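# Structure at a glance
Chain residues, written in single-letter form:
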Amino acid sequence: MLRLEGVSAGYGRIAALAEVSLEVREGELVSLIGANGAGKSTTLRTISGLLKPTTGRITLDGQAIGGLPPREILARGIAHCPEGRRVFPHLSVRENLAMGALLRRDRAGIAGDLEAMYARFPRLRERSGQAAGTLSGGEQQMLAIARALMSRPRLIMFDEPSLGLAPSLVEQVFAIVRDIRATGTTVLMVEQNAMAALQLCDRAYLLETGHVLRTGTGAELLASPDVRDAYLGGAI
Amino acid sequence: MSTLLGWGFVAALAALPLLFPDPYLLAVLTSAGIFIIGAISLNLLLGYTGQLSLGHVAFFGLGAYASALATLGFDIAIGFGWRLVVAPQPVWLGFLAAIVVAGGFGWLLGRLAFRVRGAYFVIITVCFAQVLRMVALNWVELTQGPMALISIPPFSLWWPGEGWIALYRKDQNYWLVLAVAVLAFLLVRQVVRSRIGRALVALRANEPLARSVGIRVTHYLVVAAVISAGIAGAAGSLFAHYVRIVDPDVFLFIYTVTMVIMVVTGGKGTLWGPVVGGLVFGLMPDLLRGTAPPEAQWIIYGTAMILFVMFLPRGIVPALVRRPS
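So, here's what we can say about the structure.

### Quick notes on the pairing of strand S2 (residues 83-86) of chain B
All names here are of chain B. For strand S1 (residues 74-77) and S2, the ladder comprises four bridges, and the chain directions are antiparallel. Bridge assignment links Asp75 to a residue of S2, and that residue is Val85. Linking S1 to S2, which pair antiparallel, is a turn of five residues; within it Gly79 sits at a positive phi near 95°.

And the structure:
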């Protein structure tokens, strides 16, 4: 479905990705793991069009999408939940959700999806009129996920969905990610919590200083000695 | 409630010339009103997109020149032996020309400048206003340079039962400025509450996120710049037909600074901010003139400004209207 071939990208003169090649197949849950600065977020930013690749090819179902503006890439079915502050703090919960459906024109469909999001995340319905900045960290993450789903993506990319959340909420977020995949949406996820990410995913890529160091199924990487040493705190 | 308060405020201002028909008071309020319209337009850029345009007076000056030239007519060489001759046009057409010319330059500047933002945007806008001032000074054939455009006709309006009437009196000009200010306020409010406004708020809060949900950043910034420039051009036209003389000093940096002070002290990113800040800092110099010795006037003005910024950093209006955030 999504394929990166020899993609490099960077910020100004600093190269953050060096010839990264990876693939996400329809219906898969793929994780990108690696240390800080390995290029995980940059990979997602390049796919979603926030950064332009300097070399290489990005294709979605065989069509080149590298270098297209984010709007165009979203319209083709790739939604991105960026890292950092994930919601628009001054807009209400409802407006944040509406932002996710900005490119859609089917009013009835949007209203139906909004209702579906409220049914799935009842907290959001309770707080629909409230400014998103007043929600708790966990609620903001739910809102960010719901907003990304509002575009009805075929592929959804999460950047550190568990970052800064309490352990019980981390469990809940991973359950939601599993749910989303179960409904047929393909997922590409960047996660610092390598253990959890590897247990959750079908396949994973281990990035280091801008290139792919190792790839395989989640179980394979979990068993791989260098992954264990570097990211899972040695022998468990 | 606040809508009712707003209309009550407008009604009080509209009734003022009937209660206090003092020409000096009306002149002061009219000049302040013209700058408040400028501040309302600047607020759309500074307050809602977060971009500091330090060349905002450029649009004001463009509007003043466009309107003055359209109503006076001109005859200039445009190269290859061709001449561009424009006969004097009615003032309402000059007013429209001011909006269109200023809006057009707003579009151009927006397209060019929003590729670079932050400090670079500030520099480009400052240069833009300075370049226009130089053009106004040196293109004597069109602008009369430092000799200024003079004998600009006053604004004229069609009034039922009266036909076209020229607005010479202070109270007439006061009402005209008040009416345009209300229209500018309502237009900005409409923009801010629309899809564009939500996009701008989203952009200011988190640009990568805004782009990732599909907001066309440049598009919305340019739309805001065009509307903002158009309103500033309208203010410039009012200025030209009220003062009835336009010289290159309409591009002076200090006018931009005045508008920025009005927006920032009043509360940027709030609809009422530029109005409140504009009334305070637009009227203060004239109030001080009557009460303080000349050498103290600007010291008091400056001190007041510093105190406002120190104690009400978000502006007067946000301090009055406490909202949870």
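### Concerning the interface of chain B and chain A
If you look at the interface, chain B gives 15 residues, while chain A gives 20 residues. Listing elements by their share of the side of chain B that touches chain A, those giving two or more residues are helix H8 (195-205) and helix H9 (207-212) of chain B. Its residues placed into classes, the side of chain B that touches chain A shows eight nonpolar, four polar and three charged.

### What to know about the pairing of strand S7 (residues 155-159) of chain A
Within a regular strand, side chains alternate between the sheet's two faces. All names here are of chain A. For S7, a buried count of five out of five residues is recorded, marking the element as mostly surrounded by other parts of the structure. Pairing between S7 and strand S8 (residues 186-190): five bridges, direction parallel. Bridge pairing in S8 places Phe158 opposite Met189. Note that the unit made of S7, helix H7 (residues 167-182) and S8 has a crossover that is right-handed.

### What about unusual backbone geometry?
All names here are of chain B. Despite not being glycine, Gln144 shows a phi value in the positive range, around 65°. The phi dihedral of Ala148 falls on the positive side, at around 70°, and the residue is not glycine. In this structure, Ala148 sits in the loop between helix H6 (140-143) and strand S3 (156-159). With 16 C-beta atoms packed within 10 Å, Ala148 lands in the partly exposed category.

### Here we look at the environment of Ala210 of chain B
Residues and elements named next belong to chain B. Locating Ala210 in the fold gives a position in helix H9. Linking Ala210 and Ala199, residues 11 residues apart in sequence, is a C-alpha distance of 7.6 Å. What Ala210 contacts, discounting residues up to four positions off in sequence, is Ala202, Leu203, Ile215 and Val217.

### Remarks on the environment of Ala131 of chain A
Relative to the elements of secondary structure, Ala131 of chain A occurs in the loop between helix H5 (122-126) and helix H6 (137-149). Along the backbone, Ala131 of chain A and Arg94 of chain A are 37 residues apart, and their C-alpha atoms lie at a distance of 9.0 Å.

### Things to note about the nonpolar core
Formed by 164 residues in total, the largest nonpolar core has its most connected members in Ala146 and Met157 of chain A together with Ile37 and Ala224 of chain B. Counting residues per element, this core draws most heavily on helix H10 (residues 217-243) of chain B, which supplies 17 residues. Leave out the neighbours within four places in its chain, and Ala146 of chain A touches Leu97, Met117, Phe121 and Leu124 of chain A.

### Some details on the sheet that holds strand S1 (residues 2-11) of chain A
Residue and element names in this part refer to chain A. Read from one edge to the other, the open sheet built from four strands follows the order S2-S1-S4-S5, with strand pairing classed as antiparallel. Every interior strand has two partners, whereas the edge strands, strand S2 (14-24) and strand S5 (63-64), have only one. Relative to S2, S1 runs antiparallel, the two sharing seven bridges. Residue pairing across strands places Ala9 opposite Leu17, the latter belonging to S2. Contacts from helix H1 (residues 40-48) reach S1, S2 and strand S4 (55-60) within the one sheet, and its direction differs from that of S2 by about 75°.

Rules behind the numbers
- Residues numbered from 1 in each chain as written.
- Chains lettered and ligands numbered in written order.
- Predicted model: local features only at pLDDT ≥ 70, side-chain atom pairs only at ≥ 80, totals over all residues.
- Pairing = 2+ DSSP bridges.
- Helix = DSSP H or I, 4+ residues; strand = E, 2+ residues; numbered from the N terminus.
- Contact = placed C-beta atoms within 7 Å.
- Nonpolar A, V, L, I, M, F, W, Y, C, P; charged D, E, K, R; others polar.
- Buried ≥ 20, exposed ≤ 12 C-beta atoms within 10 Å, placed from the backbone.
- Right-handed = clockwise from strand over helix to strand, strands pointing away.
- Core = buried A, V, L, I, M, F, W, Y, C linked by C-beta atoms within 7 Å.
- Axes fitted to C-alpha atoms, helices over the stretch in contact; angles between N-to-C directions.

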